[in-house]
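# Examination of the molecular architecture
Chain residues, written in single-letter form:
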Amino acid sequence: MKPLLITDCDEVLLHMARHFGTWLGEEHAIDFKLAHGDMATSMTRRDGTPLAREEMWTYLAGFFPAEMGRQTLVPHAAESIAALAEIADIVILTNLQDHCRPARTAQLESFGIVHRVETNQGGKGTRVASLVAEFGNPVTVFVDDLAVHLDSCATHAPHVHRLHMVSEPDLAPHVPPAPAAHARIDDWRLAKDWIAARFAAAVPASA
């Protein structure tokens, strides 16, 4: 049985926030402070009118999937995924609405990342647990940029190794390591080695 890698996409495999911010400025006259930890409060209208938190979801829905072509590949992500695919099964678990799945799949394939894509809404822990069970409960690594999903994984799939990665260099220094993660690595070259070592050891994470 192969080990299993379950990885997020935005700010792990593909840059998103920087391109989302550019689009907000160009199309909606909204400034986006990449270094701010809260997506909603990172947005400021140039005319000074306040932005409701609910509007954040409207703009995200406008970006996905229509503006996904703006996104760029994280350095070393494709090569690292290709190397890990030689020893493991890989699933990309992305928090997008289900109708975005074909576009996300095609987008990743355009960068040479051709693996199963699953969309999800809300915490990812239960979906991680179901994927692990589907693949026969192999040794598994889960990679995400958001602490909330790593915490959800720790709750629902505690024997999965959890790696915190924030691949956007302008954002990473402002994001503290996720408490529920076993490690924080923001460079795919180092992350690949860490993941491969977990697979080689063939030991589940301690709960």
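Above this text is the structure in question.
Read on for a plain summary of the structure. (Residues numbered from 1 in each chain as written. Predicted model: local features only at pLDDT ≥ 70, side-chain atom pairs only at ≥ 80, totals over all residues. Heavy atoms only, no water.)

### Some points on the overall build of the protein chain
Put simply, the rule is: Each helix is a run of DSSP H or I of at least 4 residues and each strand a run of E of at least 2, with the numbering of both proceeding from the N terminus. Atoms counted for the radius of gyration: C-alpha only. Globule rule: 2.2 Å times the number of residues to the power 0.38. Three labels apply to residues, based on accessible area from a 1.4 Å probe with only protein chains included: buried if under 20% of the type maximum, exposed if over 50%, partly exposed otherwise in between. Here a residue-residue contact requires only that any non-hydrogen atoms of the pair lie within 4.5 Å.
Helix and strand counts for the protein chain come out as seven helices and 10 strands. The C-alpha radius of gyration computed for the protein chain amounts to 17 Å, which stays within 12% of the reference 17 Å derived for 207 residues, consistent with globular compactness. Taking all 207 residues of the protein chain together, the buried fraction comes to 48%. By sequence separation, contacts in the protein chain at least 24 residues apart represent 64% of the contacts at least 6 residues apart.

### Focus on the nonpolar core
Soluble globular proteins tend to pack their nonpolar side chains together in the buried interior. Let me state the cut-off plainly: Grouping buried Ala, Val, Leu, Ile, Met, Phe, Trp, Tyr and Cys residues that are joined through side-chain atoms within 4.5 Å yields what is termed a nonpolar core.
In this structure, Leu5, Leu13, Trp188 and Ile195 are the most contacted members of the largest nonpolar core, which totals 28 residues. Of all the secondary structure elements, the ones that give two or more residues to this core are helix 3 (77-85), strand 6 (89-94), strand 8 (140-144) and helix 7 (188-201). Per element, the largest residue contribution to this core is five residues, and it comes from helix 7. Those residues within four positions of Leu5 in sequence are excluded, and the remaining contacts are Ile81, Leu84, Asp89, Ile90, Val91, Val141, Val143, Ile195 and Phe199. Grouped together as the second largest cluster of nonpolar side chains are 18 residues, Phe20, Leu24, Ile30 and Met43 included.

### Here's the deal with helix 6 (residues 147-156)
The condition that has to hold: Starting at the helix axis, one direction is taken to each C-beta atom, and the arc is that of these directions.
Looking only at helix 6, the buried set comprises His149, Leu150, Ser152 and Cys153. Seen end-on, helix 6 carries its buried residues on one side only, within an arc spanning 160 degrees. Facing away from the buried surface of helix 6 by more than 90 degrees, the exposed residues are Val148 and Thr155.

### Observations concerning unusual backbone geometry
Phe64 connects to Pro65 through a cis peptide bond whose omega is 0 degrees. With respect to the helices and strands, the residue Pro65 is situated in the loop between helix 2 (53-63) and strand 5 (72-73). Positive phi values are uncommon outside glycine, yet Glu11 reaches one of about 65 degrees. Within the secondary structure, Glu11 is located in the loop between strand 1 (4-7) and strand 2 (14-15). Even without being a glycine, Ala202 presents a positive backbone phi close to 60 degrees. Along the polypeptide, Ala202 turns up in the segment after helix 7.

### Observations concerning the pairing of strand 6
Cut-off, in case you're wondering: Pairing between strands requires that DSSP locate at least two bridges from one strand to the other. The handedness of a crossover follows from its direction of travel: if, with the strands pointing away from the viewer, the path from the first strand over the helix to the second runs clockwise, the crossover is right-handed.
Among the six residues of strand 6, five are classified as buried, and the element is accordingly described as predominantly covered. When strand 1 meets strand 6, the two strands line up parallel, connected through four bridges. Bridge assignment links Leu4 to a residue of strand 6, and that residue is Asp89. Both strand 6 and strand 7 (residues 116-119) contribute to a ladder of four bridges, which runs parallel. Directly across from Ile92, in strand 7, lies its bridge partner Val117. Handedness of the β-α-β unit built from strand 6, helix 4 (residues 101-110) and strand 7 comes out right-handed.

### Here we look at the packing of helix 1 (residues 17-28) against helix 2
Formally: Between the N-to-C directions of two axes lies an angle of 0 to 180 degrees, each axis being a line fitted to C-alpha atoms and, for a helix, fitted only over the stretch in contact. Each angle is binned into one of four classes, with values under 35 degrees roughly parallel, values over 145 roughly antiparallel, values of 65 to 115 roughly perpendicular, and all other values oblique.
Remark: helix 1 packs on helix 2, axes separated minimally by 11 Å, with the N-to-C direction vectors making an angle of 100 degrees. Here helix 2 runs roughly perpendicular to helix 1, going by the angle between their axes. Contact with helix 1, carried on its side by His19, Phe20, Trp23, Leu24 and His28, involves Tyr59, Leu60, Gly62 and Phe63 of helix 2 and no other residues of that element.

### Digging into the pattern of salt bridges
Defined as follows: Note on definitions: salt bridges are taken to be side-chain nitrogens of Lys or Arg within 4 Å of carboxyl oxygens of Asp or Glu.
The final tally for this structure, using the stated rule, is 15 salt bridges. Glu55 is paired through a salt bridge with Arg45; the nearest N and O atoms lie 2.4 Å apart. Separated by 10 residues along the polypeptide, Glu55 in helix 2 and Arg45 in strand 4 (residues 43-45) bring together distant segments of the chain. The class for Glu55 is partly exposed, based on a relative accessible area of 24%. In this structure Arg45 comes out as buried when scored by relative accessible area, which is 18%. Between Arg127 and Glu118 there is a salt bridge, with its nearest N and O atoms 3.4 Å apart. For Glu118, a relative accessible area of 15% gives the class buried.

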